[in-house]
Amino acid sequence: MEISAFPFPYLQDDECSHFLGLFQDMDSSSPSDFGFEGFGNDNTKKRPRKEDEEEEAGAVNGSSNKPAFGDILATLLLLDEEAKHQQEQWDFESNRDKSLLEANHREKLRAMDGYYNQLQGQYNTDVTPPKRARRSAVAAVVAAVASGEEATAAPVQPTDIASGSGPSHRRLWVKERTTDWWDRVSSPDFPEEEFRREFRMSKSTFNLICDELDATVTKKNTMLRDAIPAPKRVGVCVWRLATGAPLRHVSERFGLGISTCHKLVIEVCRAIYDVLMPKYLRWPSDSEIRSTKEKFESVHKIPDVVGSIYTTHIPIIAPKVHVAAYFNKRHTERNQKTSYSITVQGVVNAEGIFTDVCIGNPGSLTDDQILEKSSLARQRAARGMLRDGWIVGNAGFPLTDWLLVPYARQNLTWTQHGFNENIGGIQKIAVEAFERLKGRWACLQKRTEVKLQDLPYVLGACCVLHNICEMRNEEMAPELKFDVFDDVTVPETNIRSATASNKRDQISHNLLHRGLAGTRTL
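The model shown is predicted, which means the values in this text are computed figures rather than measured ones.

A. Representation of the pairing of strand E2 (residues 340-348) in the model. Counting buried positions over the 9 residues of E2 gives 9, a clear majority of the element. On E2, burial covers both faces: Tyr-340, Ile-342, Val-344, Gly-346 and Val-348 on one face and Ser-341, Thr-343, Gln-345 and Val-347 on the other are all buried. Pairing of strand E1 (residues 305-316) with E2, which is carried by 9 bridges, proceeds in the antiparallel orientation. Of the residues in E2, the one forming a bridge with Tyr-310 is Gly-346.

Here it is as structure tokens:
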């Protein structure tokens, strides 16, 4: 028998399977087994007498082995009603729980909206006139456009319209700071001498630097606030490099945050390094080299000198990595204080202007080790660019085909004494250049908190600014003079070219016999 649809939807599958088996048994049994003798075939054979007697006996005793069809239907109806009642109870409980969750959620939303409105009202108690003015301007423009007339009022700035909440929101994150000092310094009426004392340069030189960096350091205005002008950005950097003052003092002078000042110093130094260094700190051309040779020879009587080289150390705070590499043993022993440093090795011309610098090597390296790592030795000397000239160094450098150094041994002859004296005059030009560099930019005199990865840009910017001041003949105040003292370590192999040694002896001989050698050490 096939059942197309089950009439008791609330019964479970395991309950229905039992009754379905009963219906299948009913289908396989004869109708007489369930008391339907009138149905079926009339030719059905009569049951044996024995079975009839047993059936009558069972009926008399009140027991039957086959369930009645009516009892089965009643049982199914009862089970269906019970399942339906249980399902309704479950639905009621589920709806009740859902209602409780929604009520709690609405209550939380109301509490949060109330707190937000209270907080918003606390900062919006005073509506400033600029905000009302902006709203009035916007309303006027809209009315003029709607009426078809041309708006004659001044155009409304997008930043004013977009800043919806107005100054009340800025009060949350912008601190009121005074800019009186910078306003007074940047005014045309500010005295030139005071400006030079603050920035170590004249107003014209400062304006030149601002014009050169304007396209690089200028930022766009935003809806939140106006960008810091380019002259003020350059002023923060130059004043910080010139005075070496803590960032807290820079913040007070320019009316900016401490972190903003630090960021501006690094950004402007990077701009100077990238934009101004190729223009103001470069290797001289052929004509400039010829002029430099003539100037050195006319004063110090040594031919073919194209520059003087020197290495100085910049003190730093102990780094977090590679501490031993930056440990300066010589300064530690001399000062009786643990010292860490980074080096600046530079070549200057006859006017004390840098033509080549090597920045960033650890302070534990000697002068000759730094030279071997520099582009001067690896690129210019290797390509033969220094074949026809000398660069003069102190006893800490080795004698090579292009590097001329004084005699380092003891018991020198008069010829060698005279040569060392003339070499010392050329070397003094480099030393004085580094003295002016450190004296003009006081940030190089003490330990700096700038990170190691940013320090080469700061040192490079100081060298570029030094060249600009020297090219424009910026005078330096006498009280800014700073004495440079760097220990010299003679290399183990200080003569690395026999040809250079012979040329040095020949130059010494010519100086003495032509009466060009000094006499102070004789």
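After presenting the structure, the write-up continues.
B. Structural view of the nonpolar core. If you look at the biggest cluster of nonpolar residues, it comprises 98 residues, and the most contacted ones within it are Phe-199, Ile-391 and Trp-441. When residues in this core are grouped by element, the largest group, 11 residues, is from helix H12 (residues 258-280).

C. Summary view of the pairing of E1. In terms of burial, E1 is a largely internal element, 11 of the 12 residues being buried. In the sheet, E1 pairs with strand E4 (residues 390-392) via 3 bridges, with the strands oriented parallel. Looking at E4, one finds that Val-305 is bridged to Trp-390.

D. Examining the pattern of salt bridges more closely. All told, the structure shown has 18 salt bridges when counted by the stated rule. Among the ionic pairs, Glu-198 bridges to Arg-253, the shortest N-O distance being 3.8 Å. A residue pair is termed long-range when its members are at least 10 positions apart, and Glu-198 in helix H8 (residues 192-199) and Arg-253 in helix H11 (residues 247-254) qualify at 55 residues. A salt bridge links Arg-436 to Glu-470; the nearest nitrogen and oxygen atoms lie 2.9 Å apart.

E. Representation of the confidence of the model for the protein chain within the structure. For the protein chain, mean pLDDT is 81; residues scoring 70 or higher make up 75% of the total. This stretch, residues 1-6, has a pLDDT under 50; its non-local contacts, to residues over four places away or in other chains, come to 5 contacts.

F. Here's a closer look at the sheet that holds strand E3 (residues 354-362). Taken in spatial order, the 5 strands line up as E3-E2-E1-E4-E5 in an open sheet, and their pairing is mixed. In the strand order of this sheet, the two ends are held by E3 and strand E5 (403-404), each with one partner. Two elements, E4 and E5, share 2 bridges in a ladder whose sense is parallel. Paired with Val-392 across the two strands is Leu-404, which belongs to E5. Along the sheet, helix H18 (residues 455-471) contacts E1, E2 and E3; its crossing angle with E3, the most-contacted strand, is approximately 160°.

G. Quick peek at helix H17 (residues 414-440). Over its 27 residues, H17 runs 39 Å from end to end, which matches the ideal 39 Å to within 8%, given 1.5 Å per residue. Of all the bends in H17, the greatest measures close to 25° and is centred on Gln-427.

H. Here's a closer look at the packing of aromatic side chains. One pass over the full model with this rule turns up 13 aromatic pairs. Aromatic pair Trp-181 and Phe-254: ring centres 5.3 Å apart, planes at 75°, arrangement edge-to-face. Of this pair, Trp-181 sits in helix H7 (residues 180-185) while Phe-254 sits in helix H11; the two residues are 73 residues apart in sequence, bridging distant segments of the chain. Residues Trp-181 and Phe-254 agree in their burial class; the two are buried. Seen in terms of ring centroids, Tyr-407 and Phe-419 are 5.5 Å apart; in terms of plane orientation they differ by 70°. Their pairing is edge-to-face. Taken together, the residues Tyr-407 in the loop between E5 and H17 and Phe-419 in helix H17 connect sequence positions 12 residues apart.

I. Spotlight on unusual backbone geometry. With a phi angle near 55°, Gln-336 is a residue other than glycine that sits in the positive phi range. You can see Gln-336 is positioned in the loop between helix H14 (329-335) and E2. By relative accessible area, Gln-336 is classed as exposed at 70%.

Rules of the game
- Residues numbered from 1 in each chain as written.
- Predicted model: local features only at pLDDT ≥ 70, side-chain atom pairs only at ≥ 80, totals over all residues.
- Heavy atoms only, no water.
- Buried < 20%, exposed > 50% of the residue type's maximum accessible area, 1.4 Å probe, protein only.
- Helix = DSSP H or I, 4+ residues; strand = E, 2+ residues; numbered from the N terminus.
- Pairing = 2+ DSSP bridges.
- Core = buried A, V, L, I, M, F, W, Y, C linked by side-chain atoms within 4.5 Å.
- Salt bridge = Lys/Arg side-chain N within 4 Å of Asp/Glu carboxyl O.
- pLDDT = per-residue confidence, 0-100.
- Contact = heavy atoms within 4.5 Å.
- Axes fitted to C-alpha atoms, helices over the stretch in contact; angles between N-to-C directions.
- Expected span 1.5 Å × (residues − 1).
- Bend = angle between axes of the 7 residues up to and from the residue.
- Phe/Tyr/Trp six-rings, centres within 6.5 Å; stacked < 30°, edge-to-face > 60°.

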